[in-house]
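Secondary and tertiary structure notes
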Amino acid sequence: MPREALARIGRALAGLVLASVLGGAADKPAPLDVGHWRQAFARPNHAPTPAENSATPEKIALGAKLFEDTRLSGSGDMACSSCHQADLSFSDGIDRHVGHDGQPLDRRTPPLWNLAWGLSFFWDGRASSLEDQAMGPIENEREMAGNLQTALRALDSDPQMRKAFAFAFPDDPAVTQANLAKALAAFQRTLVSPETRFDRWVKGDDKALEPDELAGFSLFVGKAGCVACHQGWRFTDEAFHDIGLPSEDKGRGPILGVSAANHAFKTPSLRERVWSAPYMHDGSLATFDDVVAHYAEHVVERPTLSADLPRRIELDNEERAQLVAFLDTLSSDDPPRPASLPTKAMSWGATAEAVPASTVSQKDKRFTPGTIILKLGEALRIVNDDTRVHNVRLDGPGKSFNSDAQNPGDTVTIGFDSPGHYDVICGIHPDMRLSVDVAQAR
Ligand code: HEC
Ligand code: HEC
């Protein structure tokens, strides 16, 4: 055998040995910690509802009617339900709906399940409540192209509608923009996705999932790294990530004015997604197979890629099929109907006891401590000891602050001129909340 060929075999063998030394331990999947994951994905018993818009049956019934009402659109031929169709997970089955000008809209119609738990709305999170969100499509030139005042007048001239508004809002019985928004929001909060086979497994039924589906779940929470962002029973961290799709859309960046958040979109829930293809903000991926292939081999390298996105995922064909089989278990076999859950007034406020502190950590996407008391004149230092880019923001009465991109290792300092209560959040990870009480120094 020629020396060159021998050397080649030698190198190949050395490579194999090295690969098995390096890869060996890492490739063997850790056994699934069933107890831990069953707890992490358990469904809640209540749906949250804001104190200022309690869920009454009359309000929900009015919202359901308005959702179907074409008088909300300028042309009188389009309702919310024209795009958000119940049988398609309140989506529309196409990549991008055609707008009033005949051109496709910029983004895909998202499904509307489980938004009662949402922290921000739209793909880029530009609305902070469902009440705020509702006026968007009505006045949007390209979506419903409506005029709110015209729509309100049309509803007000309908005696049935006036009655329905009066029942829904006994303290303020009028057809107003605020009441319209509240009714639509209250109805949408009832769209809770029903239990699926996966939930039966979570509740302890070992037989509810087939072996390949369970293998797919192990990959999802294991080497495929999906659970870094698709977490909790809704399968979303409510945060914004660039996952390397080729789209030019800048997403969250322009909303925050922070270029480090360019191409980042809100992590979608994965519930009932069998009914809502195609996928992603631009509807560019037709099937779950395409989605898995994206994560495994088509991620566009960019400086803005999320720190939570594994840089390399090796998935063979069998593993890809297992992941897809698992994703299917999060959807119903027939077009799902909303589950009904009792509601509970939500409180985003601090639950922990406030502690005196002037330095706060951001490790693991959490402000620690999360509830602090600061003396007036003392500066607040927020240290990014996390692996992710954050964007510290304070939008309070009398004070606003925006750190821009706060890279790992950066510390931001905020001073306060007057005593009071301040809420600090991260614009990229809105579930990070820090409550600050600035007390008069004695
Ligand atoms: C022409 C199609 C169309 C109509 C009509 C429409 N929407 Fe939408 N909806 C969309 C699109 C597209 C988006 C995503 C836009 C974006 O993220 O920039 C969206 C986003 C939403 C969201 C945000 C969901 C999330 O996950 O953040 C909600 C809630 C919503 N719409 C409710 C409504 C309501 C209520 C109405 C009626 C008042 C309505 N929509 C009418 C297409 C439509
Ligand atoms: C870094 C966070 C992150 C990780 C890790 C991640 N995802 Fe996603 N996922 C997202 C975001 C953000 C989107 C929406 C992106 C967009 O539209 O631009 C998304 C979209 C999806 C969608 C489409 C949902 C829809 O309704 O359009 C599916 C399905 C999905 N991911 C499955 C997975 C699977 C399977 C894995 C593991 C292989 C995974 N994701 C890993 C953040 C993540």
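Residues numbered from 1 in each chain as written. Chains lettered and ligands numbered in written order. Predicted model: local features only at pLDDT ≥ 70, side-chain atom pairs only at ≥ 80, totals over all residues. Heavy atoms only, no water.

1. Structural notes on helix α8 (residues 177-188)
The cut-off we apply is this: Strands here mean DSSP runs of E at least two residues long; helices mean DSSP runs of H or I at least four residues long; both are numbered from the N terminus. Multiplying one less than the number of residues by 1.5 Å gives the expected span of a helix. Relative accessibility decides the category of a residue: with a 1.4 Å probe and only protein chains considered, values under 20% of the type maximum give buried, values over 50% give exposed, and everything between is partly exposed. By definition, residues are in contact when any of their heavy atoms lie within 4.5 Å.
Taking 1.5 Å as the rise per residue, α8 with 12 residues should run 16 Å; its terminal C-alpha atoms sit 17 Å apart, in good agreement. Within α8, 9 of the 12 residues are buried, which leaves the element mostly enclosed by the surrounding structure. Buried within α8 we find Asn 179, Leu 180, Ala 181, Ala 183, Leu 184, Ala 185, Ala 186, Phe 187 and Gln 188. Turning to α8, the residues buried within the fold contact α3 (57-67), α4 (80-83), α5 (130-139), α6 (148-156) and α7 (159-168).

2. Things to note about the environment of Phe 288
Inspection of the secondary structure assignment puts Phe 288 in helix α12 (residues 288-298). Since its relative accessible area comes to 10%, Phe 288 is described here as buried. Along the sequence, Phe 288 and Ser 73 sit 215 residues apart, while their C-alpha atoms lie 34 Å from each other. Those residues in contact with Phe 288 that lie beyond four places of it in its chain are Arg 273, Val 274, Tyr 279, Val 324, Leu 327 and Asp 328.

3. Focus on the packing of α12 against helix α13 (residues 317-328)
To be explicit about the condition: All axes are obtained by fitting lines to C-alpha atoms, using only the stretch in contact for helices, and the reported angles, taken between N-to-C directions, cover 0 to 180 degrees. Roughly parallel here means an angle under 35 degrees, roughly antiparallel means over 145, roughly perpendicular means 65 to 115, and every remaining angle is called oblique. Here is the rule for handedness: rotate from the far helix to the near one, and if that takes an anticlockwise turn smaller than a right angle the crossing is left-handed, while a clockwise turn gives right-handed. Throughout, the ten residues Ala, Val, Leu, Ile, Met, Phe, Trp, Tyr, Cys and Pro are labelled nonpolar, Asp, Glu, Lys and Arg are labelled charged, and all others, Gly among them, are labelled polar.
Between α12 and α13, the shortest axis-to-axis distance is 10 Å and the interhelical angle comes to 130°. The angle between the axes of α12 and α13 places the two elements in the oblique class. Of the two possible hands of crossing, α12 and α13 adopt the one that is right-handed. The segment α12 lies against α13, with Phe 288, Asp 289, Val 292, Ala 293, Ala 296 and Glu 297 engaging Arg 320, Leu 323, Val 324, Leu 327 and Asp 328. Of the residues belonging to the contact of α12 with α13, the class tally is 7 nonpolar, no polar and 4 charged.

4. Some thoughts on the pattern of salt bridges
For clarity, the threshold we go by: Basic side-chain nitrogens of Lys or Arg form a salt bridge, by our definition, when they fall within 4 Å of a carboxyl oxygen of Asp or Glu.
Under the counting rule described, the total for this entry stands at 21 salt bridges. Measuring nitrogen to oxygen at the nearest pair gives 3.3 Å for the salt bridge that ties Asp 156 to Arg 162. Take Arg 162: its relative accessible area is 46%, and that puts it in the partly exposed class. Across the salt bridge formed by Lys 365 and Asp 237, the nearest N and O atoms sit 3.5 Å from each other. One end of the pair, Lys 365, is in the loop between β6 (359-361) and β7 (371-375); the other, Asp 237, is in the loop between α10 (211-221) and β2 (240-241), and 128 residues separate them in sequence. Assigned by exposure class, Lys 365 and Asp 237 land together as buried. A network of salt bridges, in which partner residues are shared, links Arg 107, Asp 124, Arg 126 and Asp 249.

5. Concerning the domain arrangement of the chain
What counts is decided by this rule: Domain boundaries shown here were taken from an automatic or database domain assignment.
You can read the domains of the chain as domain 1 (47-188), domain 2 (195-328) and domain 3 (355-439). Here the C-alpha centroids of domain 1 and domain 3 sit 34 Å apart.

6. Side note on the coordination of the iron atom of ligand 2
Short version of the rule: Each metal's donors comprise the N, O and S atoms found within 2.8 Å of it (within 3.2 Å for Na, K or Ca). Water is not part of the atom list, so some coordination spheres may appear incomplete. Square planar and octahedral sites, with four and six donors, are those where opposite donors lie more than 155 degrees apart and all other angles lie between 65 and 115, tetrahedral sites have four donors with every angle between 85 and 135 degrees, and the rest are irregular.
Taken together, the protein donors to the iron atom of ligand 2 comprise His 230 (NE2) and Tyr 295 (OH), at separations of 1.9 to 2.1 Å. Between the 6 donor atoms coordinating the iron atom of ligand 2, the angles at the centre fall across 86 to 180°, so the site counts as octahedral. Taken together, the residues span a long stretch of sequence, with His 230 in the loop between α10 and β2 and Tyr 295 in helix α12 at a distance of 65 residues. By relative accessible area, His 230 is classed as buried at 10%.

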